[in-house]
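Each chain, written out:
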Amino acid sequence: MTSQLSASTANPVLRVPPASPAAAAAYFGASLVFHADVSDVAAALAADADPGFVVLDSRSAASWDQGHIPGAVHLPTALIAEQARNLLDPAVPVVTYCWGPGCNGATRAAQALAELGYQVKEMLGGFEYWAREGFEFETWEGRERRTADPFTAPVDSDDCGC
């Protein structure tokens, strides 16, 4: 027997009921259009073929020097309007990133690029999750790789099963 909780007694998760399956499918499908996962970006960059996109680090020069994705283009958000046309091919999609989930710099960079006519996605997790998942990165001193954090990446596997 199923019981329905009234809105006043429902737990905080169900106080606002879930969307209909059709609305949820539309929302999550749209989310995938706008976002890329760190491990998917890493896999595409590691493949032998051209990934079909360019990665853009939208942070400051000091942040770039602390660490960045190998092969990324460095273009701070504040300089996108002025310099994007000199650094990026408008025919090639751009994947933006910044520090991590607590930073919206990649979102602002993606918006600025979209307003200039670029196809763009934001890399969820940013540089923080790139490093935490154990992917190689470059600093002003050279290349580094950290052990993958077991709370962000599977141990002993390249596939999380997502």
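Residues numbered from 1 in each chain as written. Predicted model: local features only at pLDDT ≥ 70, side-chain atom pairs only at ≥ 80, totals over all residues. Heavy atoms only, no water.

A. Layout of the sheet that holds strand 3 (residues 73–74). An order of 1-5-4-2-3 is seen for the five strands of this open sheet, with the pairing classed as parallel. Strands at the two margins of the open sheet, each flanked by one partner only, are strand 1 (35–37) and strand 3. Note: strand 1 against strand 5 (residues 120–124), three bridges, orientation parallel. Paired with His35 across the two strands is Glu122, which belongs to strand 5. Those strands touched by helix 1 (residues 21–34) are strand 1 and strand 5, and its axis lies near 95 degrees from that of strand 5. (Pairing = 2+ DSSP bridges. Helix = DSSP H or I, 4+ residues; strand = E, 2+ residues; numbered from the N terminus. Contact = heavy atoms within 4.5 Å. Axes fitted to C-alpha atoms, helices over the stretch in contact; angles between N-to-C directions.)

B. Just the pairing of strand 4 (residues 94–97), in detail. Side chains of strand 4 alternate between two faces, with Val94 and Thr96 and Val95 and Tyr97 buried alike. With four bridges joining them, strand 2 (residues 54–57) and strand 4 adopt parallel strand pairing. In the sheet register, Leu56 faces strand 4, and the bridge partner there is Thr96. Pairing between strand 4 and strand 5: three bridges, direction parallel. Each residue of the ladder has a partner; that of Thr96, found in strand 5, is Glu122. Handedness of the crossover joining strand 4 and strand 5 through helix 5 (residues 105–115) is recorded here as right-handed. (Buried < 20%, exposed > 50% of the residue type's maximum accessible area, 1.4 Å probe, protein only. Right-handed = clockwise from strand over helix to strand, strands pointing away.)

C. Representation of the packing of aromatic side chains. The full count for this structure, using the stated rule, is four aromatic pairs. Considering the side-chain rings of Tyr27 and Phe28, the 5.0 Å spacing of their centres and the 85 degrees angle between planes classify their relative orientation as edge-to-face. Summarising the burial analysis for this pair, Tyr27 and Phe28 share the class exposed. When the centroid spacing of 5.3 Å and the interplanar angle of 85 degrees are considered together, the rings of Phe127 and Phe137 count as edge-to-face. Of this pair, Phe127 sits in helix 6 (residues 126–132) while Phe137 sits in strand 6 (residues 137–139), and the two are ten residues apart along the sequence. Each member of the pair, Phe127 as well as Phe137, is classed as buried. One aromatic cluster is present, built from ring pairs that chain together Trp99, Phe127 and Phe137. Over the aromatic face of Phe127 sits the side chain of Arg59, whose NZ or CZ is 4.9 Å from the ring centroid. The ring of Tyr129 carries Arg132 above its face, with NZ or CZ at 4.9 Å from the centroid. (Phe/Tyr/Trp six-rings, centres within 6.5 Å; stacked < 30°, edge-to-face > 60°. Lys NZ or Arg CZ within 6 Å of the ring centre and 35° of its normal.)

D. Inspection of the environment of Gly52 at higher detail. Structurally, Gly52 can be placed in the loop between helix 2 (38–46) and strand 2. Spatially, the C-alpha atom of Gly52 lies 7.1 Å from that of Pro93, the residues being 41 residues apart in sequence. Every residue in contact with Gly52, bar those within four places of it in the chain, is listed here: Val92 and Pro93.

E. Representation of the nonpolar core within the structure. By size, the foremost hydrophobic cluster in this structure holds 16 residues, and its most contacted members are Val41, Val55, Ile69, Tyr97, Met123 and Trp130. Within the residue set of this core, elements represented by two or more residues are helix 2, strand 4 and helix 6. Those residues in contact with Tyr97, other than ones at most four positions away along the chain, are Val55, Leu56, Asp57, Ser58, Arg59, His68, Ile69, Ala72, Ala106, Met123, Gly126 and Phe127. Core analysis: the second largest hydrophobic core is formed by 13 residues, Leu56, Val73, Val94 and Tyr118 among them. (Core = buried A, V, L, I, M, F, W, Y, C linked by side-chain atoms within 4.5 Å.)

F. View of helix 5. Listed as buried for helix 5 are Gly105, Ala106, Ala109, Ala110 and Leu113. Summarising the axial view, the buried residues of helix 5 lie within an arc of 135 degrees, below the 170-degree limit, and thus occupy one face. Elements that come into contact with the buried residues of helix 5 comprise strand 2, helix 4 (80–87), strand 4 and strand 5. Among the residues trailing helix 5, Gly117 stands out with phi positive, at a value near 100 degrees. (Arc of directions from axis to C-beta.)

Functional significance is not addressed by these values, which are geometric in nature.
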